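# Results of the structural survey
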Amino acid sequence: MIAIRVYRATLKTVSYLSITAKVGRFYSAVPADDMPQIERSHDYNFDLAVLGGGSGGLACAKEAAKHGAKVVVFDFVQPTAQKTTWGIGGTCLNVGCIPKKLMHTASIYGELMEDAQNYGWDVTRNSHDWGKMVGNIQNHIKGQNWKIRVDLREKNVTYYNEYATFVDKHTVKSVNKRGAERTVTADKFVLAMGGRPNYPDVPGASDFAITSDDIFSLKYHPGKTLCVGASYISLECAGFLNGIGVDTTVLVRSILLRGFDSDCSEKIGGYMEQSGVKFIRPGLPKKIECIKEATADTAPELRVTYTHNGEEKSDIYNTVLFAIGRKPLTDKINPESIGLKYDPNGKIPVNEEELTNVDNVYAIGDLLNAPELTPLAIQSGRLLAKRLYAGSKILTDYVNVPTTVFTPLEYGSVGLSEDQAIAKYGEDNIEVYHTLHTPTEQVVREPSELDGYNYAKLVVNIADNECILGLHYLGPNAGEITGGFGLGLIMGATKTDFDRLVGIHPTCSEVFTTMNITKRSGNSIDVEDC
Ligand code: FAD
Ligand code: NA7
């Protein structure tokens, strides 16, 4: 049903606009006179209740309120096994994209300081102050937590810092950190609880090891670190730790970066190894024992037993970080009480409008079987709210979503990997154009083992006029480059379009406008100087 926008001036008698709650850290929003209101045919406390104040939930709540819906957001962080906790804003702001990118930046500054010497600067890369970096990053995050609360108030969204679980399909019970409870009813619900990192069933793992939920606020220098897992979170953490001078090892069960382009993934591994990261591959953790407890400012000493090529080995580390996948928090909201269907891995099946099997309950963001990315969570939340309260028909497009892996050698990708394209269209229908490239900024570097990793690849469908199926880039500023080319992919760009495009010189992005070597030809892809 399309909601009709009317204005509060015509609804002055609606008494539930101001609800005074008595527990928890909360505020109740009271719409200003000029705020639009929707026409209501229900008596629930709210038009919309959002479970989860992360990227998706906040975007959805604010957009719905903008169109006149009376909205409440519940956000509550259960502490980690190591008792780390954080404020509103969800994974991305507090324990994901933002602190990750900032620590990646810290590591890149180290590399740039070395480069700077080749440009005549008298700088030496001495030591890195972990405490200062963490302090500054956490200050930024706390400032953003505060801004979000102010923003919600200004946008008339009620925020309860409470954990919500369903009672029935129109009712949730919530509890704050002191155990005080409240009951709230709503016409519609949006599930946006995101996920949390997994621990393996390995003795000592949750007692002594940390996850990405802990690393960004770790009080002490991590010391010698073992990152377990080979997906992007593990490799990104290993990359920035090594970049700031931490002795870092990655324990890899099978392949690097499952789901990404395998040529690019292996190049990332090679580059990291040349940069000093050690890899144990294939390997699996077996046991973690504490030899020496952590103090407020020193890391513990942990003995890690693991298998490497089937042989049992052990080593001492100060920090063990598990990045072996994440689990949606679906089973924690009493889903049975509303008959919510979800997959064994916690993902929630939805239709193209993000509606679950329960007719007033929607789900967005990391809860879905879709790329786990902040901009996608935001897009799905915002467009859902527009459909619910502003008469929009626009659906979220889950295809050709660009992404970047912020390893020291950054990797941007959009569309299909070479392997995925071959599996979908057949080897004969796929052409791969590829080349190495040298960022101009790096030409005054001394030759080193780190040369020869900057790479670009276009995967095209021969059977469809050489339409671009996948674009992959290894090199500096991968996010900036891939984000722009992503537009080309959603508009159906072909290889001819990329050839027509005049590059900007001297940049890395121009590499995509001059590609003429196919992988099939086997010709050299060594860098040509301009
Ligand atoms: P979340 O942001 O996880 O928010 C869910 C919120 O709901 C949380 O605050 C949670 O505590 C709360 N909650 C859960 N259950 C309840 C309940 N019952 N009641 C009340 N509150 C509840 N994405 C990118 O696009 N780029 C990146 O570079 C990137 N880097 C990342 C790095 C790391 C280390 C990690 C872990 C993730 C990264 N991501 C990145 C992924 C990105 O953070 C997520 O895709 C995004 O945060 C998902 O948003 P969401 O709204 O679905 O959930
Ligand atoms: P992912 O992407 O789910 O990858 C998990 C990684 O951990 C992967 O390399 C797995 O190896 C490895 N893994 C999984 N279980 C184990 C155990 N028990 N022991 C050792 N290694 C293991 O996880 P991330 O944490 O990086 O990211 C989670 C999501 O967040 C991701 O999908 C993003 O979109 C956002 P495998 O390849 O299966 O052999």
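These numbers come from a predicted model, not from an experiment. (Residues numbered from 1 in each chain as written. Chains lettered and ligands numbered in written order. Predicted model: local features only at pLDDT ≥ 70, side-chain atom pairs only at ≥ 80, totals over all residues. Heavy atoms only, no water.)

## A short note on helix α8 (residues 262-275)
Taking 1.5 Å of rise per residue, the 14 residues of α8 would be expected to cover 20 Å, and the 20 Å separating its terminal C-alpha atoms lies within 8% of that figure. By the burial criterion, the buried members of α8 are C264, S265, I268, G269, G270, Y271 and M272. Residue D261 occupies the N-cap position of α8, its side-chain oxygen lying 3.2 Å from the main-chain nitrogen of D263. Following α8 by one or two positions, G276 has its phi on the positive side, about 120°. (Helix = DSSP H or I, 4+ residues; strand = E, 2+ residues; numbered from the N terminus. Expected span 1.5 Å × (residues − 1). Buried < 20%, exposed > 50% of the residue type's maximum accessible area, 1.4 Å probe, protein only. Polar contact = N/O pair within 3.5 Å; in protein donor to acceptor, adjacent residues only side chain to side chain.)

## Some remarks on the site of ligand 2
Taken together, the neighbourhood of ligand 2 is formed by 15 residues, with A230, S231, R253, S254 and R258 sitting nearest. Between an oxygen atom of ligand 2 and a side-chain N or O atom of S231, the distance comes to 2.7 Å. Within the backbone of G325, one N or O atom sits 3.0 Å away from an oxygen atom of ligand 2. In isolation ligand 2 exposes 770 Å². Once the protein is present, 78% of that is buried. Residues of the shell around ligand 2, tallied by class, amount to seven nonpolar, four polar and four charged. (Near = heavy atom within 4 Å. Areas by Shrake-Rupley, 256 points an atom, 1.4 Å probe, with all protein chains shown as cover. Nonpolar A, V, L, I, M, F, W, Y, C, P; charged D, E, K, R; others polar.)

## A word on empty space enclosed by the protein
Per the stated rule, a full pass over the model turns up three cavities of 30 Å³ or more. Of the voids in this model, the second largest cavity is the one considered here, and its volume is about 40 Å³. What lines the second largest cavity is simply G365, D366, A370, P371, L373, L376, A377, S380 and Y398. Residues belonging to the lining of the second largest cavity are distributed by class as follows: six nonpolar, two polar and one charged. (1 Å grid on protein atoms, 1.4 Å probe; cavity = no way out; pocket = protein on both sides within 12 Å on 5 of 7 lines; lining within 4 Å. Points joined across faces, edges and corners; volume = space filled by probe spheres on them.)

## Thoughts on the domain arrangement of the protein chain
Taken as a whole, the protein chain is organised into domain 1 (2-196 + 327-389), domain 2 (205-324) and domain 3 (410-513). Just the C-alpha atoms count here: the centres of domain 2 and domain 3 sit 30 Å apart. Each side of the interface is counted separately: domain 2 has 13 residues, and domain 3 has 15 residues. Summing both partners gives a buried area of about 1,200 Å² for domain 2 against domain 3, and 63% of it is carried by carbon and sulfur. At the boundary of domain 2 with domain 3, the tally comes to two salt bridges. Between K457 and D263 there is a salt bridge, with the nearest N and O atoms lying 2.8 Å from each other. Here domain 2 is connected to domain 3 by six residue pairs in polar contact (both at pLDDT 80 or more). (Domains from an automatic or database assignment. Contact = heavy atoms within 4.5 Å. Buried area = accessible area lost by both parts, 1.4 Å probe. Salt bridge = Lys/Arg side-chain N within 4 Å of Asp/Glu carboxyl O.)

## Focus: the site of ligand 1
Neighbouring ligand 1 are 37 residues, the closest being G56, D75, T91, K100 and D366. Measuring from an oxygen atom of ligand 1, one finds a backbone N or O atom of C92 at 3.4 Å. With respect to ligand 1, the side chain of Y232 contributes an N or O atom lying 3.3 Å from a nitrogen atom. Its residues assigned to classes, the shell around ligand 1 shows 18 nonpolar, 13 polar and six charged. A domain split of the shell around ligand 1 shows at least three residues from each of domain 1 (2-196 + 327-389) and domain 2 (205-324).

## Considering helix α4 (residues 130-154)
For α4, spanning 25 residues, the distance from its first C-alpha to its last is 36 Å, which sits close to the expected 36 Å at 1.5 Å a residue. For α4, the complete set of buried residues consists of W130, M133, V134, I137, Q138, I141, N145, I148, D151 and L152.

## Digging into the packing of aromatic side chains
For the structure on display, the rule yields ten aromatic pairs. Consider the rings of F76 and Y163, whose centres lie 6.3 Å apart with planes at 85°: the pair is edge-to-face. Of this pair, F76 sits in the loop between β5 (71-74) and α2 (90-95) while Y163 is found in strand β7 (residues 163-168), placing the two residues 87 residues apart along the sequence. Exposure remark for Y163: the relative accessible area of 16% places this residue in the buried category. (Phe/Tyr/Trp six-rings, centres within 6.5 Å; stacked < 30°, edge-to-face > 60°.)

## Here we look at the nonpolar core
In this structure, V71, W130 and I215 are the most contacted members of the largest nonpolar core, which totals 73 residues. Examining the composition of this core, we find that seven residues originate from one element, α4, more than from any other. Leave out the neighbours within four places in its chain, and W130 touches M103, I215, L218, K219, Y220, H221, P222, L241 and I244. Listed in part, the 27 residues of the second largest apolar core include A49, V184, A363 and L368. (Core = buried A, V, L, I, M, F, W, Y, C linked by side-chain atoms within 4.5 Å.)

## Focus: the pattern of salt bridges
Considering all chains together, one arrives at 26 salt bridges under this definition. Between D187 and K188 there is a salt bridge, and its shortest N-O distance comes to 3.3 Å. Linked through salt bridges whose partners overlap, the residues forming this network are D261, D263, E418, K457 and K519.

## A short note on unusual backbone geometry
In the segment running from R281 into P282, the intervening peptide bond is cis, with an omega of -5°. With respect to the helices and strands, the residue P282 is situated in the loop between β14 (278-280) and β15 (283-292). Here the residue pair H505 and P506 is connected by a cis peptide bond, since its omega of -5° sits within 30 degrees of zero. Relative to the helices and strands, P506 resides in the segment after α12 (495-500). Positive phi, close to 50°, is recorded for L257, a residue that is not glycine. You can call L257 buried: its relative accessible area is 1%. Non-glycine residue N334 carries a positive phi angle of around 60°. Looking at the secondary structure, you find N334 in the loop between β19 (326-328) and β20 (361-363).

## A short note on the state of the cysteines
Inspection of every chain in the model, using the stated rule, returns one disulfide. Here C92 engages in a disulfide with C97; their sulfurs sit 2.5 Å apart. Torsion about the S-S bond of the C92 and C97 cystine: about -135°, corresponding to left-handed handedness. Note on C97: relative accessible area 30%, which makes it partly exposed. (Disulfide = S-S within 2.5 Å.)

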